[in-house]
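Coordinates in review
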Amino acid sequence: MDNVCEEQQYNTIFKTTSKTVFNYIYYKFGNEEKANDAVQEAFVKLWENCSKVAPDKAKSYLFTVANNLYLNVIKAEKVRLKHADKHRNESTNESPEFLLEEQQFKEKLENALDALPENQRTTFLLNRIDGKKYAEIAELEGVSVKAIEKRMHLALKSLRDKIDGI
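With respect to the pattern of salt bridges
- Scanning the model with the defined rule gives four salt bridges in all.
- Between E149 and K146 there is a salt bridge whose closest N-O contact spans 3.5 Å. Of this pair, E149 and K146 are both found in helix α7 (residues 145-162), three residues apart, which corresponds to roughly one turn of the helix.
- One salt bridge connects K157 with D161, and the closest N-O pair in it is separated by 3.5 Å. In this pair, K157 and D161 both sit in helix α7, four residues apart, roughly one turn of the helix.
- Look at D161 and you get exposed, because its relative accessible area is 54%.

A short note on the nonpolar core
- V4, I13, I25, F43, L46 and L62 are the most contacted members of the largest nonpolar core, which totals 21 residues.
- Breaking this core down by element, the ones donating at least two residues are α1 (7-29), α2 (32-48) and α3 (55-89).
- Setting aside residues up to four positions removed in sequence, F43 forms contacts with Y10, I13, F14, T17, S18 and L62.
- Core analysis: the next-biggest nonpolar cluster, separate from the first, contains 11 residues, A112, L113, L116 and M152 among them.

Topic: the packing of aromatic side chains
- Going through the model one piece at a time under the given rule, you end up with three aromatic pairs.
- Residues Y10 and W47 carry aromatic rings whose centres are separated by 4.8 Å and whose planes lie at 70° to one another, so their mutual orientation is edge-to-face. In this pair, Y10 is assigned in helix α1 and W47 in helix α2, connecting sequence segments 37 residues apart.
- Exposure remark for Y10: the relative accessible area of 14% places this residue in the buried category.
- Overall, W47 belongs to the partly exposed group, its relative accessible area being 39%.

Here we look at helix α6 (residues 134-141)
- Within α6, the full set of buried residues consists of I137, A138 and E141. Projected down its long axis, α6 carries its buried residues within an arc of 100°, all on one side.
- Taken together, the buried residues of α6 touch α2, α5 (118-128) and α7.

Observations concerning α2
- The end-to-end C-alpha distance of α2 is 24 Å, a good match for the 24 Å that 17 residues give at a rise of 1.5 Å each.
- Along α2, the residues classified as buried are A35, A38, V39, E41, A42, F43, K45 and L46.

Comments concerning the state of the cysteines
- Inspection of every chain in the model, using the stated rule, returns one disulfide.
- In this model, C5 is linked to C50 through a disulfide, with the two sulfur atoms separated by 1.9 Å. The sign of the S-S torsion, about 95°, decides the handedness of the disulfide formed by C5 and C50: right-handed. Highlighted residues: C5 in the segment before α1 and C50 in the loop between α2 and α3, separated in sequence by 45 residues.

Rules of the game
Sequence order sets the numbering: in each chain, residues are counted from 1 along the sequence as written. Owing to the predicted nature of the model, reporting of local features is limited to residues with pLDDT of at least 70; listing and counting of side-chain atom pairs is limited to 80 or more, with chain, interface and lining totals taken over all residues. The basis for every side-chain value is the complete set of heavy atoms in the structure, and neither hydrogens nor water enter the calculation. Any carboxyl oxygen of Asp or Glu that lies within 4 Å of a side-chain nitrogen of Lys or Arg is treated as forming a salt bridge with it. In DSSP terms, a helix is any run of H or I states spanning at least four residues, a strand is any run of E spanning at least two, and both are numbered starting from the N terminus. For the exposure calls, accessible area comes from a 1.4 Å probe over protein chains only, and a residue counts as buried if that area is under 20% of its type's maximum, exposed if over 50%, partly exposed in between. The set of buried Ala, Val, Leu, Ile, Met, Phe, Trp, Tyr and Cys residues whose side-chain atoms join them within 4.5 Å is what this entry labels a nonpolar core. Any two residues whose heavy atoms approach within 4.5 Å are treated as being in contact. Note on aromatic pairs: the rings of Phe, Tyr and Trp (six-membered ring only in Trp) are paired at centre separations within 6.5 Å, and the planes decide the class, stacked below 30 degrees, edge-to-face beyond 60, tilted for the rest. To obtain the arc, one takes the directions from the helix axis to the C-beta atoms. Multiplying one less than the number of residues by 1.5 Å gives the expected span of a helix. Disulfide assignment relies on a single distance test, namely cysteine sulfur atoms paired within 2.5 Å.

What follows is the structure, given as structure tokens:
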């Protein structure tokens, strides 16, 4: 079977497709950095799965993977915003000191999450926010359950190091 593992074939696909995929995601994200991340990740996944993808299916594969990455990021952001709004709209009896500490903790958490590598952040959010099991995440990401366990371990370790008390 003809596949994408041959380096010249892969390079040709990259040269002819990467800009189109980038533009597609950029228009959706409205964010150059996130679009670049999604495109890079999509091409990494194409390479990791090169033996399973025929050259004539590569473009479709890249669009699908990049779009799924985009949707995961948007979903995670919506959940975070919804959670933040829910807390903002509740009247509270908490002291200003408590509210300030809570806000500082949220900022620390956001910064710590942003600092995680994409694959660890995605794994962490899919598991903790979307409630997906490791096997489901492994299937979505196209890696083994062991790889997901490792990502989650590294994500939690990194978050613990950056934020006291998680």
